[in-house]
Amino acid sequence: MALRIKTNLMIKGMTCTQCEKIIQKSLNSQAGIYESTVNYKTNRAEIIYDTETLTLDEVIAMVENKGYEAFEIRGDELVKKLSPLQISVVGLLFLALYLIISNTIGFNALPEVQASMGYGMLFVVGLLTSVHCIAMCGGINLTQCIKPNIGNETKDVYKSSFLYNIGRVISYTLIGAIVGFMGSVITLTGASRGLISLIAGLFMILMGINMLGVFPSLKKISIQMPQGLRTVFMGKKGERGPFVVGLLNGLMPCGPLQTMQLYALGTGSA
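Thresholds, definitions, all that
Residues numbered from 1 in each chain as written. Predicted model: local features only at pLDDT ≥ 70, side-chain atom pairs only at ≥ 80, totals over all residues. Heavy atoms only, no water. Core = buried A, V, L, I, M, F, W, Y, C linked by side-chain atoms within 4.5 Å. Buried < 20%, exposed > 50% of the residue type's maximum accessible area, 1.4 Å probe, protein only. Helix = DSSP H or I, 4+ residues; strand = E, 2+ residues; numbered from the N terminus. Contact = heavy atoms within 4.5 Å. Axes fitted to C-alpha atoms, helices over the stretch in contact; angles between N-to-C directions. Parallel < 35°, antiparallel > 145°, perpendicular 65-115°, else oblique. Left-handed = near helix turned anticlockwise from the far one by under 90°. Nonpolar A, V, L, I, M, F, W, Y, C, P; charged D, E, K, R; others polar. Pairing = 2+ DSSP bridges. Phe/Tyr/Trp six-rings, centres within 6.5 Å; stacked < 30°, edge-to-face > 60°. Lys NZ or Arg CZ within 6 Å of the ring centre and 35° of its normal.

Okay, the nonpolar core next. In terms of nonpolar packing, the biggest core is built from 19 residues, with Leu9, Ile11, Met14, Ile23, Leu27, Ile47 and Val63 touching the most fellow members. Mapped onto this core, the elements with two or more residues apiece are strand S1 (4–12), helix H1 (17–28), strand S2 (33–39), strand S3 (44–50) and helix H2 (56–64). When residues in this core are grouped by element, the largest group, four residues, is from H2. The contact partners of Val63, leaving out residues within four places of it in the chain, are Leu9, Ile11, Ile23, Leu27, Tyr68 and Ala70. Cys137, Tyr164, Met252 and Cys254 belong to the second largest nonpolar core, which has six residues in total.

On to the environment of Asn39. Its location among the elements puts Asn39 in strand S2. The partly exposed category is assigned to Asn39, whose relative accessible area is 33%. Asn39 sits 25 residues away from Met14 along the chain, and the two C-alpha atoms are 9.5 Å apart. Not counting chain neighbours up to four residues away, the residues in contact with Asn39 comprise Met14, Glu20 and Arg44.

In this section: the packing of H1 against H2. Between H1 and H2, whose axes approach to 9 Å, the crossing angle comes to 135 degrees. The angle between the axes of H1 and H2 places the two elements in the oblique class. In this structure, H1 meets H2 at a crossing whose hand is right-handed. Across the interface between the two elements, Ile23, Ser26 and Leu27 from H1 touch Val59, Met62 and Val63 from H2. In terms of residue class, the contact of H1 with H2 is made up of five nonpolar, one polar and no charged.

This part takes up the sheet that holds S2. Pairing is antiparallel in the open sheet, where four strands are placed in the order S2-S3-S1-S4. The open sheet is flanked by S2 and strand S4 (69–72), the only strands paired with a single partner. The average undirected angle you get between the axes of adjacent strands in this sheet is 25 degrees. When S1 meets S3, the two strands line up antiparallel, connected through seven bridges. Note that in S3 the partner of Arg4 across the bridge is Asp50. The sheet strands contacting H1 are S1, S2 and S3, and the helix crosses S2 at an angle near 175 degrees.

The tally for this structure, following the rule as stated, stands at zero aromatic pairs. When the ring centre of Tyr34 is taken as reference, the NZ or CZ atom of Arg4 above it lies at 3.7 Å.

Moving on, we come to the side chain of Ser26. Locating Ser26 in the fold gives a position in helix H1. Its relative accessible area of 11% is what places Ser26 among the buried residues. Apart from residues lying up to four places away in sequence, Ser26 is in contact with Met62 and Lys66.

A few words on the environment of Phe162. Locating Phe162 in the fold gives a position in helix H5 (residues 153–183). Residues Phe162 and Phe243, 81 residues apart in the sequence, show an inter-C-alpha distance of 8.2 Å.

Keep in mind that these numbers describe shape and distance, not what the molecule does.
Below you can see the structure in the form of structure tokens.
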């Protein structure tokens with residue numbers, strides 16, 4: 001006789017609402033699991049499964065096979081957080097890095113991006129900022145191009161990479177043209193440009209804190225696309241996902257990207 005058991009798992013490593021959808025879809029597709037609900041904001045999953053078909057270790061293994069860490073919650077077990085000592089150490093490391101840079105090469109070592117710069121210097125700036133892009137956009141690119149359990153892996157990876165990058169180029173080009181055109185109509189003051197950078201920076205800090213899981217309550221502040229609109233953009237099976245993610249790259253709160261957009265604004269030309 002089948003015995004249904006409900007268990008609660010704590011899942012670590014979720015960085016956005018898409019993570020909860022990936023885990024929940026994987027669990028619900030497995031034989032022996034009757035129902036599963038994954039919540040990114042609380043880092044928890046509630047799973048009802050058949051003990052004759054699956055063991056708890058096998059259920060946990062399904063989550064971990066997707067790249068996340070999971071363990072059973074018993075009673076009122078609290079979420080593991082970074083200790084004050086760990087947070088202090090991270091803060092000291094950032095402070096040390098700041099002092100080293102400010103007392104050696106300085107933060108003004110790179111040339112300032114101005115509307116009068118030539119294409120050659122812009123190319124050099126692009127090369128220098130590519131280190132940042134590898135760490136940020138590179139990870140996003142990989143999430144769109146590495147597809148597990150697919151039939152023709154090589155073909156699908158090239159297709160996903162092409163769709164992602166073509167979406168990215170279209171987005172950068174269109175936004176640059178729009179911002180450049182706006183530069184011929186309006187002029188932003190230094191305070192306005194600083195405010196834009198400040199808001200974008202705060203948004204990025206919030207994202208980073210959410211990824212660290214230091215303050216779980218902040219995960220309640222999340223922007224989600226409505227399901228119907230997501231289906232229109234991404235396709236029923238997510239086949240247009242890489243292209244859409246590439247398009248959204250142009251709206252990312254990225255320092256080098258915003259610098260280029262401000263450069264386009266200063267040119268006053270689409």
